[in-house]
Structure formats: structure tokens, C-alpha cells
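Structural features, examined
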Amino acid sequence: MTIGILGGGQLARMIGLAGIPFGLQFVVFDPAEQVGGSAIGRHVRASYDDEDALIEFAGSVDVATYEFENVPVHAVSVVEQHCKVLPEKTALHETQDRLRENQLFNRLDIATPRFCVVDSRQDLTNAVETLGYPIVLKTRSGGYDGKGQVVIRSEDSVESGWIESAQDNLLAEEFVPFDREVSIVAARRPSGETVYYDIAENVHRGGILRTSFNRPGDPIQGLAIEYVNRLFDELGYFGVIALECFQVGDSLLANEYAPRVHNTGHWTIEGAEASQFENHVRAVLDIPLGSTASRGYSAMLNCIGALPDRDLCLRVPGVHFHSYDKSARPGRKVGHVTVRADSPADLERRISLLPDFFSGAGDAL
Ligand code: AMP
């Protein structure tokens, strides 16, 4: 049995690493010359516009999935004429425009930050009047890891913020003074079974995820499950999904969902009975899903721009090291480290033993 993955980065690689023990084969499709996903199977290197290559790819797999949300919908339309694709492309379409995504949330009675569409300088003036300061200007499509985002904190920075922005096809959002950021990763398979991981508490800096901690027994878990179920139902969704939210008091404001395995679920590789990657494979094959139960307490620390000294990390008990085999570049996620422990106190102690590369990583404990 062969699974095809549109996108060949580290997420494809980790899906493959989870599926190989099941005796599965993988093919990854990615326009880039060198991809980490080539470690798990054949790499079809072609553009997402190349119909012949997409058809050849689809013909060589039993089922296809994707590992990033900006896969062009038309590419999925081509592939699905030749093999099953899960999750279905509606989930991609809805999330590829932040306006459409926020409208979807609101239709499902899932609260979001207040927002306005901005396509001109006048729209920005109106948005500031409606939302007040501070606001975040975001590109409606194509942004990731905080790219394409500008925070405008006061009247003084409206003009410079506007110049820095793309000046078209933007969304202005109120800047939410959140208590914390949380996400829920969940999986559903076509036979109907649904499983949910413990929520993760996430810390971003400069728009990029730095750390995720699993939070077993968290009081907000029930609401997060309710929201993600509404998405599953509305989108007719099968596979792993992640929903990222801002928590304010007892409420959650949805920021975005990812129709794929997610960085805030990487802790599940060692920190849960079955990882998000394994459950994504199980969901797209429609075979029984694995237990999402946490194995104690985990912290996932991203390696941004460079990798720390591997051997220094591995000296610390409970540490698991993941290199994505990517060239180092500022702001690029090139690996992660997961620290696991049986108690929060042990977790804190183990994090404190990590090399200085991760200094401050335990702050969200
Ligand atoms: P995004 O690309 O929308 O996931 O944003 C990346 C990060 O920027 C989020 O995880 C937050 O830390 C921050 N951020 C984005 N939008 C807002 C907002 N409306 N209010 C406060 N922080 C935000």
C-alpha cells in the first residue's frame, strides 16, 4: 500500500516515519529540488501546475494526502480524479483565505478576534476606527510563521505599517491580549471514529512557534473539543486537523486551523501513545485510530535557524532529538527537541539541563 503526500518537507518525513512500521510505502510530490521527505520514499519533483506529473503521482499511490495548507486546490482536483485524497479539498479551500476561514468559524459559532477587510489605505483608517489599537494587519492568503503580518500599535505607526504591508487583500484583526495560546490536534477517520490529544499550550515569538507543552486535564479541553468537532462535521473532514486559539478567561478565540499534522502536535511522537503522524496515516487508511493518551508531561522546543549541539541535548534524560535535514537559514525550522517527564517538576528540571541554545524555553511552565 502506498500513500502519496503533496508537499515533501519535515511533516511528510514524519508521516512516513510513522507509517513505515505498518509496511507502507510513500511518494512525496514537491517542486523543491531537495526535500527532507525524500528520506521516506520517491520524490516527484514537479510544479503543482504540472498536470502530467500530478497524474503520474496519483497513479502510483493508493491514497493521497497533503502536508501543507498552501497546496493549490487545483492540484488536488487533478489528483482526486485518479486516487482518493484525504482530507478533501474543501478544508484546503476554506483555510487558504483568512477572511473565508474567519467567516467559517463565525458561521459555526466559534468566536474569532474582531476583524475588517482592508484593500486600501481608507479601509485601514476605517479598520482602526472600528477595532481600536493595537491591530494586526495580515495577508489573507499565503502567509505562514508570522510572514506577511504587521502590528500597528498606535496612530504613529499606521503609515509605516501600511507601507510595510502588502497594501491589498489584507485582514485587520484586533490584537488579542490573550492569557495564553492553545491548540488542539484531533483525528477522525471515515468510519466515524474521532480522537483528541490533550491541548497544547504554545509560545510564539516573532510569529513563529517556539515551544509547545501538553496540558493533560486542562479545563479548556472540553471547549476545544466542541469547536474542533464543529469543524470536522462542517468540512466532512478525515485525517488530522489542528485548531489554534487564543484563550481569554474561559473563552477561546479561533486564530486558524491547519488541515494537516501540525507543529504544535510534534510532542505526540514521544509524548502520546500514538503520535499525530501515526493517527493521520491510520485516518487516511480508515483503520482503527490509536490512543491519544499523554505519556506524562512533554515540552516540544523548536530549533529555529540552526540546530543545537545534538550530543549535549541527548545527555539530558527524557530528551528526543529531531533534525529535519534542512540547511540552516534565519527563521527556518530545522528541527525540534522533545523533553518528556513523569511530572511537571521533572520536566522543568530536564529543560533546565538543556544547552543554552534553548535558554528561556521553560518559561511557559
Ligand atoms: P498566525 O500566522 O495568524 O498564526 O499568527 C502567528 C502568531 O502571531 C500567533 O500565534 C500569535 O502569537 C500572534 N498573533 C496573530 N494574530 C494575533 C492577534 N489577532 N492578536 C494577538 N496575537 C496575534
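Note that the structure is predicted; figures quoted are calculated from it, not measured. (Residues numbered from 1 in each chain as written. Predicted model: local features only at pLDDT ≥ 70, side-chain atom pairs only at ≥ 80, totals over all residues. Heavy atoms only, no water.)

**Some thoughts on the packing of aromatic side chains**
All chains considered together, the criterion is met by 8 aromatic pairs. Here Tyr197 and Trp267 contribute two aromatic rings whose centre-to-centre distance is 6.2 Å and whose plane-to-plane angle is 85 degrees, an arrangement assigned as edge-to-face. In this pair, Tyr197 sits in the loop between strand E11 (194-196) and strand E12 (200-205) while Trp267 sits in the loop between strand E15 (251-258) and helix H9 (268-271), placing the two residues 70 residues apart along the sequence. Across this residue pair, the class does not change: Tyr197 and Trp267 are buried. Judged by centre distance (4.9 Å) and plane angle (80 degrees), the ring pair of Phe357 and Phe358 falls under edge-to-face. When its relative accessible area of 8% is taken as the criterion, Phe358 is described as buried. One aromatic cluster is present, formed by Phe29, Tyr48, Phe57 and Phe68 through successive ring pairs. A cation over an aromatic ring shows up here: Arg153 above the ring of Phe175, its NZ or CZ 5.4 Å from the ring centre. (Phe/Tyr/Trp six-rings, centres within 6.5 Å; stacked < 30°, edge-to-face > 60°. Helix = DSSP H or I, 4+ residues; strand = E, 2+ residues; numbered from the N terminus. Buried < 20%, exposed > 50% of the residue type's maximum accessible area, 1.4 Å probe, protein only. Lys NZ or Arg CZ within 6 Å of the ring centre and 35° of its normal.)

**So, the domain arrangement of the protein**
Split into domains, the protein comes out as domain 1 (2-85), domain 2 (114-174) and domain 3 (180-358). For domain 2 versus domain 3, the separation of C-alpha centres amounts to 29 Å. Taken together, the contact between domain 2 and domain 3 spans 4 residues of the former and 5 residues of the latter. Here domain 2 and domain 3 share an interface that buries about 350 Å² over both sides, 32% of which is from carbon and sulfur atoms. Our count for the contact surface shared by domain 2 and domain 3 stands at 1 residue pair in polar contact (both at pLDDT 80 or more). When the residues that make up the side of domain 2 that touches domain 3 are grouped by side-chain class, the tally is no nonpolar, 1 polar and 3 charged. (Domains from an automatic or database assignment. Contact = heavy atoms within 4.5 Å. Buried area = accessible area lost by both parts, 1.4 Å probe. Polar contact = N/O pair within 3.5 Å; in protein donor to acceptor, adjacent residues only side chain to side chain. Nonpolar A, V, L, I, M, F, W, Y, C, P; charged D, E, K, R; others polar.)

**Focus on unusual backbone geometry**
For the bond from Leu86 to Pro87, the omega torsion is -5 degrees, close enough to zero to count as cis. Tracing the backbone shows Pro87 in the loop between strand E5 (84-85) and helix H4 (90-95). Across the junction of Tyr133 and Pro134, the peptide omega takes the value -10 degrees, indicating a cis bond. Among the structural elements, Pro134 can be located in the loop between helix H6 (121-131) and strand E7 (135-139). One non-glycine residue, Asn169, lies in the positive phi region at around 55 degrees. Given the relative accessible area of 32%, Asn169 is considered partly exposed. Positive phi is not limited to glycine here, since Asp286 has a value of about 55 degrees. Since its relative accessible area comes to 26%, Asp286 is described here as partly exposed.

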